[in-house]
Amino acid sequence: MNPKNLSISDFTYTLPLHQIAHYPLAERDESKLLLYYKNKISEDVYKNLDQYIDPATLMIFNNTKVIEARLLFQKDTGAVVEVFCLEPDRRYPDITTGMVQKGSVVWNCLIGGASKWKAGQVLEKKMLYQNLEIYIRAKYLQKKDEQFSVELQWSPVELSFAEIVHIAGVMPLPPYIKRTVTPEDAERYQTIYANSNGSVAAPTAGLHFTEGLLRKLEEKKILTEFITLHVGAGTFKPVKAASMELHTMHSEFIDVPLVTIERILHNYSNAITAVGTTTARTIESLYWLGIKILLKPTISYDELFLSQWEPYELPVKDISVPDALGELINW
C-alpha cells in the first residue's frame, strides 16, 4: 500500500491521563526501558542500557536544545495571547541565523487566543531581569494556513533572540502534559548533551541518559556521534485529515557534520543505534539526500532537501547505503 492511502483512523487509540507521567523521576536513568530481544518482551531501567548494546556499536544522539518558545502577552483588557515561536521566517537561511538576530526578528508562530489579536495590532511585554529592563513588542503580520508571521522587536537591542526567549519565554511542554511549567522543567526537559538552540520539543528518548550512563557506554567501547534535528511544528499539529496524503508535514532543519557521515559509512557493517525517532529520521534522510545527488550530480545546496513523499516516489532501485552516503560525502 502507498503510505498516502493510510487511514488516520487506523492509528487512533485511547491514552488514559493516569498513564501519562506528568513529572520526571528524581533520577533520569531510573526510567523504564522496554526490551525486545529474540521475540520476547521484557523490562529493565535505562541505567542498565549498556548491558544490551554490543561493543563497537555506533550510537547516534540528537543534540538539539529546546528553546523557551512560548511568549505570553497580556492585553489591556486582561486577555492573554500566547505567541508560540515555531521557526524563523524564510528570509533566514537556518534556525541558528534566526536565533542570533539582535533587536528584531520575524518568526512563524502558532497563536493561542488568536481571535483576541487582530492583524497589525501590537502586543507589548515589559519585565525586569537581573536589574535589566526588558521590553518586547510583537506585531502580527499575516496568517498562512495555520501559522502566523510575527515580527518581534525588543530592547536592549544588544540581546540576541536566543537570549530574549530564554529570559522571557516559557518552556513548551508536550500538549498531553496538563500542568503548569515549573522552574525544574528548564533543566529536566533538556537532554544533558543539548547544545544547539532551535527545538520546540525535546528529543525524548535522550532525556533518560546521564553522565554515568554515557561513561558506562564509553567504557564498553561503544562509539557515540551527535547530529542535530530541530523538532518543529509537526509535533504540536494535530492530524485532522482522513488519510495520510491530506496531512501536510512541516519541515525540520538538520545539521550533520561531514565527519559524522563518514563515521556512519565506516561503521555500516557494524551495529548502528539511533537514539530516538528524531535521530532515526535524520540518518535515514542522509541516504535519500545521497540518492538525490546520484540522480542529479549538479544539484545545488538550495535543492538538497527531502520533501514529504520523495522517499516513496524517487525513481531508484538497488542503490546501497554505502553508495548513497559515499555520494553525499563526495558532494
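Here the structure is shown first, and the text comes after it.
Residues numbered from 1 in each chain as written. Predicted model: local features only at pLDDT ≥ 70, side-chain atom pairs only at ≥ 80, totals over all residues. Heavy atoms only, no water.

## What to know about the nonpolar core
Trp117, Leu152 and Phe161 are the most contacted members of the largest nonpolar core, which has 48 residues in total. Going through the elements one at a time, strand 5 (70–74), strand 6 (80–88), helix 1 (95–99), strand 7 (104–112), strand 9 (132–144), strand 10 (147–155) and helix 2 (161–168) are the ones with two or more residues in this core. A per-element tally of this core places helix 2 first, with 6 residues. (Core = buried A, V, L, I, M, F, W, Y, C linked by side-chain atoms within 4.5 Å. Buried < 20%, exposed > 50% of the residue type's maximum accessible area, 1.4 Å probe, protein only. Helix = DSSP H or I, 4+ residues; strand = E, 2+ residues; numbered from the N terminus.)

## Some thoughts on the environment of Arg91
Among the structural elements, Arg91 can be located in the loop between strand 6 and helix 1. A relative accessible area of 56% means that Arg91 is categorised as exposed. In this structure the side chain of Arg91 is engaged in a polar contact, spanning 2.9 Å, whose partner is the side chain of Asp89. (Polar contact = N/O pair within 3.5 Å; in protein donor to acceptor, adjacent residues only side chain to side chain.)

## Some words on the sheet that holds strand 14 (residues 272–274)
Taking strand neighbours across the sheet as the criterion, the 4 strands line up as 13-12-3-14 in an open arrangement whose pairing is mixed. With partners counted over all chains shown, the strands left at the sheet margins are strand 13 (254–255) and strand 14, one partner each. Inspection of the sheet shows strand 3 (residues 58–62) paired to strand 14 by 3 bridges, in the parallel sense. From the neighbouring strand, Ile60 faces strand 14, where its bridge partner is Ala274. With respect to the sheet, helix 5 (residues 258–266) is in contact with strand 3, strand 12 (223–229) and strand 14, its orientation differing from that of strand 12 by roughly 130 degrees. (Pairing = 2+ DSSP bridges. Contact = heavy atoms within 4.5 Å. Axes fitted to C-alpha atoms, helices over the stretch in contact; angles between N-to-C directions.)

## Things to note about the environment of His247
The topology assignment puts His247 in the loop between strand 12 and strand 13. The exposure class of His247 is buried, given its relative accessible area of 9%. As for His247 and Lys4, which are separated by 243 residues in sequence, their C-alpha atoms are 9.2 Å apart. Setting aside residues no more than four positions away along its own chain, His247 makes contact with Lys237, Pro238, Val239, Ala241 and Gln308.

## Some words on a nonpolar patch on the surface
A cluster of nonpolar side chains, namely Leu34, Tyr36 and Ile41, defines an oily patch on the protein surface of about 410 Å² accessible area. Structurally, Leu34 can be placed in strand 1 (residues 32–37). (Patch = residues over 30% accessible without salt bridge, like charges linked within 9 Å, V, L, I, M, F, W, Y side chains within 5 Å. Areas by Shrake-Rupley, 256 points an atom, 1.4 Å probe, with all protein chains shown as cover. Salt bridge = Lys/Arg side-chain N within 4 Å of Asp/Glu carboxyl O.)

## Overview of the state of the cysteines
Applying the stated criterion across every chain, the model contains 0 disulfides. Of all cysteine sulfurs in the structure, the one in Cys109 sits closest to Cys85, which takes part in no disulfide; the separation is 4.3 Å. Using a relative accessible area of 0% as the deciding quantity, one classes Cys109 as buried. (Disulfide = S-S within 2.5 Å.)

## Re the side chain of Glu225
Tracing the backbone through its elements, the reader meets Glu225 in strand 12. Residue Glu225 is classed as buried on the basis of its relative accessible area of 12%. A distance of 2.8 Å separates a polar atom in the side chain of Glu225 from a polar atom in the side chain of Arg263. With sequence-adjacent residues up to four places away left out, Glu225 is seen in contact with Leu58, Met59, Ile60, Phe61, Thr260 and Arg263.

## So, the packing of helix 6 (residues 277–295) against helix 8 (residues 321–330)
Between helix 6 and helix 8, whose axes approach to 7 Å, the crossing angle comes to 70 degrees. On the basis of their axis angle, the class for helix 6 and helix 8 is roughly perpendicular. Across the interface between the two elements, Leu286, Tyr287, Leu289, Gly290, Ile291, Ile293 and Leu294 from helix 6 touch Val321, Asp323, Ala324, Leu325, Glu327 and Leu328 from helix 8. In terms of residue class, the contact of helix 6 with helix 8 is made up of 10 nonpolar, 1 polar and 2 charged. (Parallel < 35°, antiparallel > 145°, perpendicular 65-115°, else oblique. Nonpolar A, V, L, I, M, F, W, Y, C, P; charged D, E, K, R; others polar.)

## Here's the deal with the environment of Tyr52
Within the fold, Tyr52 resides in the loop between strand 2 (40–45) and strand 3. Residue Tyr52 is classed as partly exposed on the basis of its relative accessible area of 39%. Considering only alpha carbons, one finds Tyr52 and Pro322, 270 residues apart in sequence, at a separation of 26 Å. In contact with Tyr52, not counting residues within four places along its chain, are Leu33, Leu35 and Asp44.

Read these as layout, nothing more, since geometry by itself doesn't imply function.
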